[in-house]
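Here is what each chain is made of, one letter per residue.
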Amino acid sequence: MISNIAELIADRIGTMPAGERRAAQTLIASYPMIGLKTVAEFSNAAGVSSPTILRFVARLGFQNYPEFQSSLQDELAAQLQSPATRTLNPPSPGGTGSPMLEATLDNMRETFRHLSDKQLADIATRLAERRGKTFLIGGRFTDPLARYMAAHLAVIQPDVFHLAGQESMWRDRLIDMGKRDVLVIFDIRRYQDSLVRFAEKAHQRGVQIVLFTDQWLSPIARFARHVIAGRTAVPSAWDSSAALFVVAETLIGAVTRQLEADGARRIREMEGLR
């Protein structure tokens, strides 16, 4: 399965010199649009030289800047697809296995291949901290993942809140958010404008954002401290959130282990109240 540019960056950013790392961070913060500008415009936005941009592109495996831009254009086209425009490929007669199952398993493998143990550990540690509140929210199709994750985290620690209802209700909760808090957002294509607006407001208040998104990256990535880019494309008119669900469960397990004593005590007390 071919890696997209965001995944290539995740794989290689640890080996990049400082200038190339700034180019990578600038691209992720305005993905993919800054990469569709000229080399001079990209280098100016990143605060690095034009040769640094070209070395960055070469490190990602591209022969030249036009090839890099062509790949970004393909990703942008895929990002903008709606269920009505996606090509459906029905399984061929006599084939072995389920194409949907195989694609879903591939998505999970590729998601975790580009997700480092350190990033998972850093996110789990932040979610396990008791210094602030944790808020979770999702989009039209991903909010069930936010609700599921919130339900588990709320069992093992206090001050965990799932944000539901209309956008005006989310905005009202901003008054309770600050620099000690974490906001976990689930947003996959086609990205939800109301979530982007909400994330920007939370970011302005100093809230640390953990974003679960797809390989094409929600615009919320520019505000996020941590970005989990999962594979979602399957042979269907609809994207699959299965890989993101498994990442969420992985983090739930990691946080539970970090809060083992307090979590167990909290669970026992809950059971006593039932």
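Here the structure is a predicted model, which is why all the values come from computation and not from measurement.

Asker: Help me understand helix 7 (residues 117-128), please; the structure alone is not making it clear to me.
Answerer: Helix length check: helix 7 (12 residues) gives 16 Å between terminal C-alpha atoms against 16 Å at 1.5 Å per residue, within 8%. Along helix 7, the residues that are buried comprise Gln119, Leu120, Ile123, Ala124, Arg126, Leu127 and Ala128.

Asker: Mind showing me how you'd approach the nonpolar core here?
Answerer: As a rule of thumb, nonpolar side chains are buried together in soluble globular proteins. Ranked by size, the top nonpolar core spans 45 residues in total, and within it Leu27, Phe56, Phe68 and Leu183 carry the most contacts. Looking at which element gives the most residues to this core, the answer is helix 10 (residues 193-204), with 5 residues. Ignoring sequence-local partners within four residues, the contact set of Phe68 consists of Ile5, Leu27, Gly35, Phe42, Val57, Leu60 and Phe62. Counting 29 residues, the second-largest nonpolar core is a separate cluster that includes Val184, Phe212, Ala248 and Leu259.

Asker: Is there a simple way to explain the environment of Phe186 in this structure?
Answerer: The topology assignment puts Phe186 in strand 3 (residues 182-186). A relative accessible area of 0% means that Phe186 is categorised as buried. As for Phe186 and Ser218, which are separated by 32 residues in sequence, their C-alpha atoms are 9.3 Å apart. Setting aside anything within four residues of it in sequence, one finds Phe186 in contact with Ile137, Gly138, Gly139, Thr142, Leu145, Ala146, Met149, Leu195, Phe212 and Ala248.

What counts, and at which threshold
Residues numbered from 1 in each chain as written. Predicted model: local features only at pLDDT ≥ 70, side-chain atom pairs only at ≥ 80, totals over all residues. Heavy atoms only, no water. Helix = DSSP H or I, 4+ residues; strand = E, 2+ residues; numbered from the N terminus. Expected span 1.5 Å × (residues − 1). Buried < 20%, exposed > 50% of the residue type's maximum accessible area, 1.4 Å probe, protein only. Core = buried A, V, L, I, M, F, W, Y, C linked by side-chain atoms within 4.5 Å. Contact = heavy atoms within 4.5 Å.

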